[in-house]
Amino acid sequence: MAVKVKIPTPLRSLTNNLDQVPAQGETLREVVLALDGSYPGMRERILDDGGEIRRFVNVYVNGEDVRFLKGLATVLGEGDEISIVPAVAGG
Amino acid sequence: MAFERALRCRECGREYPLNPIYSCEFCFGPLEVAYDYDGIRQAVSRDAIAAGPSTLWRYAHFLPCDPQFKVDIGTGYTPLIRADRLAKAVGLDTLWLKNDTVNPSWSFKDRVVSVAIARAREFGFEAMACASTGNLANAVAAHSAAAGMDCYVFIPNDLEQGKVVGSAIYRPTLVMVEGSYDDVNRLCTELSMEYPWAFVNINVRPYYAEGSRTLGFEVAEQLGWRTPDHVVAPMASGSLFTKIWKGFQEFHKVGLIDEPRTRMSGAQAAGCSPIATAYEAGTLNFIPQKPRTIARSLAIGNPADGYYALKQMQETHGGAAMATDEEIVEGIKLLAETEGVFAETAGGVTVACLRKLVESGFIRRDEETVAFITGAGLKTVEAVVDAVDQPLRVPARTDEFAAALSARRGAPVGASAGA
Ligand SMILES: Cc1ncc(COP(=O)(O)O)c(C=O)c1O
Ligand SMILES: [Zn+2]
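Residues numbered from 1 in each chain as written. Chains lettered and ligands numbered in written order. Predicted model: local features only at pLDDT ≥ 70, side-chain atom pairs only at ≥ 80, totals over all residues. Heavy atoms only, no water.

Peer 1: What should I look at first to understand the packing of aromatic side chains in this one?
Peer 2: Two aromatic rings, taken as a pair, are described by how far apart their centres are and by the angle between their planes. All names here are of chain B. According to the stated counting rule, one finds 16 aromatic pairs over all chains in the structure shown. Here the aromatic residues Y59, F62, F217, W225 and F251 are joined through ring pairs into a cluster of three or more. The ring of W96 is capped by R82, whose NZ or CZ atom sits 5.7 Å from the centre of that ring. In this structure, R263 is placed above the aromatic ring of F362, and the distance from its NZ or CZ to the ring centre is 4.5 Å. (Phe/Tyr/Trp six-rings, centres within 6.5 Å; stacked < 30°, edge-to-face > 60°. Lys NZ or Arg CZ within 6 Å of the ring centre and 35° of its normal.)

Peer 1: Where do I start with the nonpolar core in this structure?
Peer 2: What tends to happen in soluble globular proteins is that the nonpolar side chains get buried as a cluster. Residue and element names in this part refer to chain B. Among the nonpolar cores identified, the biggest contains 81 residues, and F62, V140, V200, F251 and L256 are the most heavily contacted of them. Ranked by residue count, the leading element in this core is helix α4 (residues 109–123), at seven residues. Beyond its immediate chain neighbours, meaning those up to four positions away, V140 contacts V113, M128, A129, C130, C151, V153 and V200. One finds Y22, V184, I202 and A269 within the second-largest nonpolar core, a separate group that totals 52 residues. (Core = buried A, V, L, I, M, F, W, Y, C linked by side-chain atoms within 4.5 Å. Buried < 20%, exposed > 50% of the residue type's maximum accessible area, 1.4 Å probe, protein only. Helix = DSSP H or I, 4+ residues; strand = E, 2+ residues; numbered from the N terminus. Contact = heavy atoms within 4.5 Å.)

Peer 1: Mind showing me how you'd approach the side chain of H143(B) here?
Peer 2: Residue and element names in this part refer to chain B. Tracing the backbone through its elements, the reader meets H143 in helix α5 (residues 135–147). Among the residues examined, H143 registers a relative accessible area of 0% and is labelled buried. At 3.0 Å, the side chain of H143 and the backbone oxygen of A139 are in polar contact. In this structure, H143 is in contact with V71, I73, T75, D110, V113, S114 and I117, ignoring residues within four places of it in sequence. (Polar contact = N/O pair within 3.5 Å; in protein donor to acceptor, adjacent residues only side chain to side chain.)

Peer 1: Sorry, what's going on with the site of ligand 1 here?
Peer 2: Lining the immediate surroundings of ligand 1 are 18 residues, of which N135(B), A236(B), S237(B), L240(B) and T374(B) lie closest. One chain alone does not account for the residues near ligand 1; they come from chains A and B. At 2.8 Å from an oxygen atom of ligand 1 is found a main-chain nitrogen or oxygen belonging to L240(B). Expressed as a share of its isolated accessible area of 390 Å², the protein-covered part of ligand 1 is 99%. Partitioned by chemical class, the residues of the shell around ligand 1 number seven nonpolar, nine polar and two charged. (Near = heavy atom within 4 Å. Areas by Shrake-Rupley, 256 points an atom, 1.4 Å probe, with all protein chains shown as cover. Nonpolar A, V, L, I, M, F, W, Y, C, P; charged D, E, K, R; others polar.)

Peer 1: What exactly am I supposed to notice about the coordination of the zinc ion (ligand 2) here?
Peer 2: Reference geometry at the metal: tetrahedral coordination by four donors gives ideal angles of 109.5 degrees; octahedral coordination by six donors gives 90 or 180 degrees. Protein coordination of the zinc ion (ligand 2) is provided by C9(B) (SG), C12(B) (SG), C24(B) (SG) and C27(B) (SG), with donor distances spanning 2.3 to 2.4 Å. In this structure, the zinc ion (ligand 2) is surrounded by four donor atoms whose angles at the metal cover 98 to 119°, and the resulting shape is tetrahedral. (Donors = N, O, S within 2.8 Å, 3.2 Å for Na, K, Ca; no water. Tetrahedral: all angles 85-135°; square planar, octahedral: opposite > 155°, others 65-115°.)

Peer 1: Is there a simple way to think about the pattern of salt bridges in this case?
Peer 2: Side chains bearing opposite charge may pair, as long as their charged atoms lie close to each other. Per the stated rule, a full pass over the model turns up 32 salt bridges over all chains. Among the ionic contacts, a cluster of salt bridges with common partners joins R10(B), E32(B), E210(B), R213(B), K243(B), K246(B) and E250(B). (Salt bridge = Lys/Arg side-chain N within 4 Å of Asp/Glu carboxyl O.)

Peer 1: Please explain the pairing of strand β1 (residues 4–9) of chain B as it appears in this structure.
Peer 2: On a regular strand, one side chain projects to one face of the sheet and the next to the other, so that they alternate. Residues and elements named next belong to chain B. When β1 meets strand β3 (residues 31–35), the two strands line up antiparallel, connected through five bridges. Across the sheet, L7 pairs through a bridge with V33, a residue of β3. The hairpin formed by β1 and strand β2 (residues 15–16) contains five residues between the paired strands, and G13 there has a positive phi angle of roughly 80°. (Pairing = 2+ DSSP bridges.)

Peer 1: How should I be thinking about the domain arrangement of chain B in this particular structure?
Peer 2: Where interface size is given, it is often the accessible area lost as the parts come together that is meant. Taken domain by domain, chain B comprises domain 1 (80–106 + 209–383) and domain 2 (391–419). Its C-alpha centre places domain 1 of chain B at a distance of 42 Å from the equivalent point of domain 2 of chain B. (Domains from an automatic or database assignment.)

Peer 1: Explain the sheet that holds β3(B) here, please?
Peer 2: The strands that make up a sheet pair up through hydrogen bonds in the backbone, lying either parallel or antiparallel. Residues and elements named next belong to chain B. What the three strands build is an open sheet, ordered β2-β1-β3; its pairing is antiparallel. Because the sheet does not close on itself, it has two edges, and the strands there are β2 and β3. Across two bridges, the pairing between β1 and β2 is antiparallel. Within β2, the position partnered with L7 by the bridge is Y16.

Peer 1: How do you make sense of the interface of chain A and chain B when you look at a structure like this?
Peer 2: Contact residues are listed per partner, giving 27 residues for chain A and 40 residues for chain B. Both faces combined, the contact of chain A with chain B buries some 2,800 Å², and carbon together with sulfur accounts for 59% of it. Inspection of the region where chain A meets chain B yields two salt bridges. The partner of K6(A) in a salt bridge is E190(B), with the nearest N and O atoms 3.1 Å apart. Counting across the interface, chain A meets chain B through seven residue pairs in polar contact (both at pLDDT 80 or more). Taken together, the residues that form the side of chain A that touches chain B break down as twelve nonpolar, six polar and nine charged. (Buried area = accessible area lost by both parts, 1.4 Å probe.)

Peer 1: In this structure, what is going on with helix α14 (residues 345–359) of chain B? I would like to understand it.
Peer 2: Note on helix geometry: an α-helix contains 3.6 residues per turn, so any two residues three or four positions apart are oriented the same way. Residues and elements named next belong to chain B. Its 15 residues place the ends of α14 21 Å apart at the C-alpha level, agreeing with the 21 Å of an ideal helix rising 1.5 Å per residue. With twelve of 15 residues buried, α14 lies mostly within the body of the structure. Of all the residues in α14, the buried ones are T345, A346, G347, G348, V349, T350, V351, A352, C353, L354, L357 and V358. A side-chain oxygen of the first residue of α14 lies 2.6 Å from the backbone nitrogen of A346; this N-cap is E344. G361 occupies a position one or two residues after α14 and carries a positive phi of about 85°. (Expected span 1.5 Å × (residues − 1).)

Okay, structure coming up:
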């Protein structure tokens with residue numbers, strides 16, 4: 001699957017300042033690993049030591065929080081838009 | 001004199017300069033302001049604070065902004081009221097209410113915005129913005145108007161009329177987003193990377209969040225430079241709840257009070273209870289929820305400070321409770337009928353949870369407790385409009401009035417009955 005990934009400011013130092021990059025993968029986990037291939041360092045920024053999404057990172061597929069889907073096992077469709085967004089408090 | 005020193009990642013401890021940034025570049029942990037507490041200790045005293053203005057600016061030495069940029073419409077130093085009638089109703093010996101309904105835009109959010117807008121002006125921002133469950137929108141719009149700044153506020157599309165008009169009246173660009181607060185928050189986080197605005201709870205969040213500590217400062221000062229045995233406060237993102245405790249700890253750190261031993265308990269609506277549910281499950285990892293509650297001000301299903309709120313409950317031997325919609329309405333009514341304070345839904349959640357925590361014995365009768373009432377009732381009239389007594393409708397005649405009154409009371413009453 002070819003998907004689009006929106007890159008938040010803190011990660012743009014890894015993507016030569018691109019705010020959106022293409023990636024390939026059947027699942028979210030595969031996409032994160034593919035990103036790490038193109039932009040080394042991406043994996044450890046998004047995932048913790050246990051290989052799970054870091055506590056203060058929110059990942060959305062087409063606007064839906066992946067915790068309401070299948071997390072890293074979420075299966076992706078062609079053209080899906082993935083957003084990586086730091087968690088912020090307030091209200 | 002400024003005592004803020006740096007921004008520090010709460011997770012990995014990396015430090016950053018005091019810029020409009022909010023997230024650790026390495027681990028995404030939230031950045032928090034670090035202070036020179038020795039400097040503050042030397043600059044402050046009980047007497048000097050007590051002689052300060054009757055606003056949150058009496059704690060200027062603790063705020064991470066230059067007061068020269070402040071927008072002062074009278075926020076803070078709100079009443080701490082002894083609530084004997086409510087104490088009796090819930091079964092406590094001593095209860096206080098921190099009545100933060102009386103701020104300029106009628107919620108505690110004026111505190112966080114006071115700090116955020118001062119810092120934003122210091123940074124040179126020309127426009128303010130926020131993602132809000134309603135109250136924050138009101139506070140940002142009001143302070144921006146007073147400062148003559150452009151303002152963009154983003155709210156979910158299911159808010160009460162009082163909250164919508166309560167923003168619109170200050171003439172911001174008001175944006176209603178299809179979806180819940182969590183959708184609004186995600187949108188704004190993305191927008192904050194593209195627009196040169198100070199989003200109070202995103203890119204200037206580290207400064208904004210510090211404003212809530214003033215609630216802790218005030219309660220400690222108003223109790224006579226000491227802290228209570230127990231606190232009950234509402235939780236949406238969990239920020240307020242953690243900053244009250246931080247305020248107590250900092251007052252101790254700079255020598256103004258003894259070490260706080262307060263048990264900190266949080267209140268949520270049952271229909272949006274990610275933090276309270278995790279507390280009951282005994283875990284620090286909450287599961288996000290899709291909110292369904294009349295307490296729209298607390299309807300954050302993905303609470304960014306939930307983890308820290310849960311850690312704080314553990315650390316202080318506090319807890320959490322949750323209230324159903326009916327209990328929230330009962331809570332609003334009980335507070336109004338016993339203490340003369342009309343709160344919005346968050347206050348109903350707080351009172352209902354206070355009652356449950358006392359009933360279950362979690363808060364002991366002899367624990368001196370402070371409940372935080374954080375927003376005013378006229379903002380959420382919809383919640384109670386069907387739950388209050390209908391007025392007696394009468395022609396302007398004494399006999400008609402007497403008849404209507406005895407009909408309501410089920411027996412003859414009043415002057416004519418006795419005559
Ligand atoms: C009236 C009221 N009380 C409490 C809160 C909780 O704030 P926090 O997100 O800091 O937990 C909010 C948040 O919007 C609110 O509007
Ligand atoms: Zn970090």
